[in-house]
Amino acid sequence: MPILETKDLTYTYSIGSPFEKTAVDHMNLQIEEGEFVGIIGHTGSGKSTLMQMMNGLLKPTSGQVLLDGQDIWDKKADRRQVRFRVGLVFQYPEYQLFEQTVYEDIAFGPKNMGLDEKEIDRRVRETAEAVGLREELLQQAPYALSGGQKRRVAIAGVMAMEPNVLILDEPTAGLDPKGRVKILTQLQQYHKRTGCTILLVSHSMEDVARYASKLLVLCQAKAVCYDTPANVFAQSQQLEEMGLDLPQITRVFHKLRERGIAFPEEVYTVKFGAELLKARLEGRDSAC
Amino acid sequence: MLSDITLGQYFPIESVVHRMDARFKIIITMLFLVMLFWGQRWTTLLVGLFFTVLATLCSKIPFKMIWKSIKPLLPILLFTTILNLLMIDGGDVYWQWKFLKITEEGVITSAFMVSRICLLIAGTSLLTYTTSPIVLTDAIEALLSPLKKLKMPVHELAMMMTIALRFIPTLIEETNKIIAAQKARGADLESGSLKQRIKALVPILIPLFVSAFRRATDLALAMECRCYHGGEGRTRLRQLQSGMRDYIALAITLLLFAVVIAANALL
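Our next topic: the pattern of salt bridges. Opposite charge on two side chains allows them to pair when their charged atoms are near. Per the stated rule, a full pass over the model turns up 17 salt bridges over all chains. The salt bridge involving Glu 119 of chain A is made with Arg 123 of chain A; its shortest N-O contact spans 2.9 Å. With Glu 119 of chain A and Arg 123 of chain A both in helix α4 (residues 117–130) and four residues apart, this pair spans about one turn of that helix. One salt bridge connects Asp 21 of chain B with Arg 23 of chain B, and the closest N-O pair in it is separated by 2.8 Å. By relative accessible area, which is 2% here, Asp 21 of chain B ends up buried.

Here we take up the packing of helix α8 (residues 154–184) of chain B against helix α10 (residues 202–225) of chain B. Residue and element names in this part refer to chain B. The N-to-C vectors of α8 and α10 enclose an angle of 140 degrees; their axes lie 10 Å apart at closest approach. Relative to α10, α8 is oriented oblique. Handedness of the crossing formed by α8 with α10: right-handed. From α8, Met 159, Ile 163, Phe 167, Thr 170, Leu 171, Glu 174, Thr 175, Ile 178, Ile 179 and Gln 182 reach across to α10, where they touch Pro 203, Ile 204, Pro 207, Leu 208, Ser 211, Ala 212, Arg 214, Arg 215, Leu 219 and Met 223. When grouped by side-chain class, the residues that make up the contact of α8 with α10 number 13 nonpolar, four polar and three charged.

Bringing unusual backbone geometry into the picture now. When glycine is set aside, most residues are seen to have a negative phi, and most peptide bonds are trans. All names here are of chain A. Phi at Asp 68 is positive, roughly 55 degrees, even though this residue is not glycine. Secondary-structure assignment places Asp 68 in the loop between β4 (62–67) and β5 (70–71). Despite not being glycine, Tyr 92 has its phi angle at roughly 45 degrees, a positive value.

To continue, consider the domain arrangement of chain A. Accessible area lost on assembly of the parts is the figure often given for the size of an interface. Residues and elements named next belong to chain A. Domain annotation for chain A reports domain 1 (4–246) and domain 2 (247–288). Each side of the interface is counted separately: domain 1 has 11 residues, and domain 2 has nine residues. Across the interface of domain 1 and domain 2, roughly 850 Å² is buried in total on both sides, 66% from carbon and sulfur atoms. Among the residues domain 1 hides against domain 2, the three largest losses belong to Ala 230, Phe 233 and Leu 246. Together they make up 47% of the total. Where domain 1 touches domain 2, the interface holds zero salt bridges. Applying the counting rule to domain 1 against domain 2 returns three residue pairs in polar contact (both at pLDDT 80 or more). Taken together, the residues of the side of domain 1 that touches domain 2 break down into seven nonpolar, one polar and three charged.

So, about the sheet that holds strand β8 (residues 197–201) of chain A. Whether parallel or antiparallel, the strands of a sheet pair through hydrogen bonds between backbone atoms. All names here are of chain A. One open sheet holds the six strands; their spatial order is β6-β7-β8-β3-β9-β10, and the pairing between them is mixed. Each edge of the open sheet carries a strand with a single partner, namely β6 (86–89) and β10 (222–227). Taking the axes of each pair of neighbouring strands and ignoring which way they run, one obtains an average angle of 15 degrees across the sheet. As defined by bridge partners, β6 adjoins strand β7 (residues 165–169) across four bridges and the pair is classed as parallel. Residue pairing across strands places Val 86 opposite Val 165, the latter belonging to β7.

On to the packing of aromatic side chains. With the rule as written, the count across this model stands at nine aromatic pairs over all chains. Where Tyr 92 of chain A meets Tyr 95 of chain A, the ring centres are 6.3 Å apart and the plane angle is 20 degrees; that geometry is what we call stacked. For Tyr 92 of chain A, a relative accessible area of 34% gives the class partly exposed. Taking the centre distance of 4.8 Å and the plane angle of 75 degrees together, the rings of Phe 253 of chain A and Phe 263 of chain A count as edge-to-face. Of this pair, Phe 253 of chain A sits in helix α10 (residues 248–258) while Phe 263 of chain A is found in the loop between α10 and α11 (270–281), placing the two residues 10 residues apart along the sequence. Owing to a relative accessible area of 1%, Phe 253 of chain A belongs among the buried residues under this scheme. For Phe 263 of chain A, a relative accessible area of 5% translates into the label buried. The side chain of Arg 280 of chain A reaches across the aromatic face of Phe 263 of chain A, ending 4.2 Å from its centre. Above the plane of the ring of Phe 167 of chain B lies Arg 166 of chain B, whose end atom (NZ or CZ) is 4.9 Å from the centre.

We now examine the environment of Ala 181 of chain B. Relative to the assigned elements, Ala 181 of chain B resides in helix α8. Ala 181 of chain B sits in the buried class, given a relative accessible area of 5%. Distance from Ala 181 of chain B to Ile 204 of chain B, taken between C-alpha atoms, is 9.2 Å for residues 23 residues apart in sequence. Setting aside chain neighbours within four positions, we find Ala 181 of chain B in contact with Phe 90 and Gln 96 of chain A.

Another point: helix α11 (residues 244–266) of chain B. Given 3.6 residues per turn, any residue in an α-helix points the same way as the ones three and four places further on. Residues and elements named next belong to chain B. When the terminal C-alpha atoms of α11 are compared, their 33 Å separation across 23 residues agrees well with the 33 Å that a helix rising 1.5 Å per residue should span. Along α11, the residues that are buried comprise Asp 246, Ala 249, Thr 253, Leu 256, Phe 257, Val 260 and Ala 263. Those residues of α11 hidden inside the fold are in contact with α2 (22–38) and α3 (42–59).

All names here are of chain A. The four strands are arranged β2-β1-β4-β5 in an open sheet whose pairing can be described as antiparallel. Because the sheet does not close on itself, it has two edges, and the strands there are β2 (21–31) and β5. Two strands pair when backbone bridges link them, and strand β1 (residues 4–13) and β4 are joined in this way by five bridges, in the antiparallel orientation. Paired with Thr 6 across the two strands is Val 65, which belongs to β4.

Listed by partner, the interface residues are 20 residues for chain A and 16 residues for chain B. Approximately 1600 Å² of surface area, both sides summed, lies buried where chain A meets chain B, with 62% of it carried by carbon and sulfur atoms. A per-residue breakdown of the area chain A buries against chain B is headed by Tyr 95, Gln 96 and Phe 98 of chain A, which together make up 36% of the total. Where chain A packs against chain B, one counts one salt bridge. Of the charged contacts in the structure, one is a salt bridge between Arg 185 of chain B and Asp 105 of chain A, with a shortest N-O distance of 3.0 Å. Inspection of the chain A/chain B interface yields five residue pairs in polar contact (both at pLDDT 80 or more).

Residues and elements named next belong to chain A. Among the nonpolar cores identified, the biggest contains 50 residues, and Ile 106, Leu 166, Leu 168, Leu 187, Ile 198, Val 217 and Leu 239 are the most heavily contacted of them. Here this core takes six residues from helix α5 (residues 147–159), the largest share from any one element. Among all residues touching Ile 198, those that are not within four sequence positions of it are Glu 35, Phe 36, Val 37, Leu 166, Leu 168, Leu 187, Tyr 190 and His 191.

Cut-offs and rules
Residues numbered from 1 in each chain as written. Chains lettered and ligands numbered in written order. Predicted model: local features only at pLDDT ≥ 70, side-chain atom pairs only at ≥ 80, totals over all residues. Heavy atoms only, no water. Salt bridge = Lys/Arg side-chain N within 4 Å of Asp/Glu carboxyl O. Helix = DSSP H or I, 4+ residues; strand = E, 2+ residues; numbered from the N terminus. Buried < 20%, exposed > 50% of the residue type's maximum accessible area, 1.4 Å probe, protein only. Axes fitted to C-alpha atoms, helices over the stretch in contact; angles between N-to-C directions. Parallel < 35°, antiparallel > 145°, perpendicular 65-115°, else oblique. Left-handed = near helix turned anticlockwise from the far one by under 90°. Contact = heavy atoms within 4.5 Å. Nonpolar A, V, L, I, M, F, W, Y, C, P; charged D, E, K, R; others polar. Domains from an automatic or database assignment. Buried area = accessible area lost by both parts, 1.4 Å probe. Polar contact = N/O pair within 3.5 Å; in protein donor to acceptor, adjacent residues only side chain to side chain. Pairing = 2+ DSSP bridges. Phe/Tyr/Trp six-rings, centres within 6.5 Å; stacked < 30°, edge-to-face > 60°. Lys NZ or Arg CZ within 6 Å of the ring centre and 35° of its normal. Expected span 1.5 Å × (residues − 1). Core = buried A, V, L, I, M, F, W, Y, C linked by side-chain atoms within 4.5 Å.

See the structure below:
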């Protein structure tokens, strides 16, 4: 059974007014447990709305969101519990920090869950370590930290609830390349260690290509495809028609193919590309 | 829940009143207010009603909207009515219970007061319905500009008002975002005792204040970078222009005012 499932999920803003707009249009998705899903799509393709429906912040206009097969808008369902199980990190989450120390801010979520002191302490320290915050930072005021550190505190604040599904809306927006890699690598390690399901919204094809095990492509309020990165990037033409970029390495290999050099379609990581090239140059490749 | 707040209640349609010079609109509204309080007779209310209906028709604002601006003040209206009914003594006594009594004078006065307040709200809300907040502050600045001679920072005050108005929607959006983010971390805003609910506002108010200050510094810096230095010698994108229709409107208002004064003196 998929951990998160949507059935004919639809959300329409300002129904009945001239500004009426359908942001999510009859989406049917099945997200299996332990997947690292990259979500790509243009601004206004419905990413944020979809995410907010998945943890019960927005009520669908029609359709269902099922968490472990349970409709989260069922009369018996407790939405607050759903939010603890589906953690959502918003864009620029550092603007939500409010406590006097980093420690207390990370502890806000676990405290709301009603955990005991000892468990909270364990979670705060563990997640702080997971996002690479040094021990001595925990007692500092969050406003005294650098932008990248604040971002990591905010992500840790959601991680500390130990959700089964962790959704992140562009966690690397506005960070320098080093900070981006750091956050994404830590996320990947966290994913491997806890085995939780991660949904990562990103504008960077390189990032999703490198870290995701599945890709969800959204276009004009619809889910266009949900497949492995290899299969998604193989449909390069459709992606480009939707105005989405391909990873640079994929574009390079497409150019090579156009020149008649037989390379496979779905090269989307630099590592794989380099191996192919090396094999070809050394003449170990039998294809040509 | 926050999107219900309509502070800038500007109703953008095309009409004579919308096109009028905002300075004149303010002056006319003020004359109208003085007129309502000047007259102590029923003729005042009739003239006031005539003015309001005429202005509303010209502005093409639906009467439903006028009612919408009176509705929130119903409790206050009710309160004045009850106070006037019970406090004012004179004429025939209609009803008495111990020291409380309702008299003829009381009924007349409270009816008069309520009608006056309704007209007051209807007339003034017409100003904000037909004038966008930004234009309104421009006009206030223009009207107050004589005070610059007295070293009053008129331009700066108007600028502050404009900025405040400009950032209301931004801050509302920001608040909604912060609420969503804290809810995602399990913040409980809907249940609990009054004390708990007030405490639950802390995680929302602190980030909101921080971001408001951040925006203020950014804006100040951006203005500084563009060498902004206040009102001296500044020209405007939207010049306020008065025309025939403004003079006609002012003349009609003055005429009505004269009628009220005459009625006050003669009747």
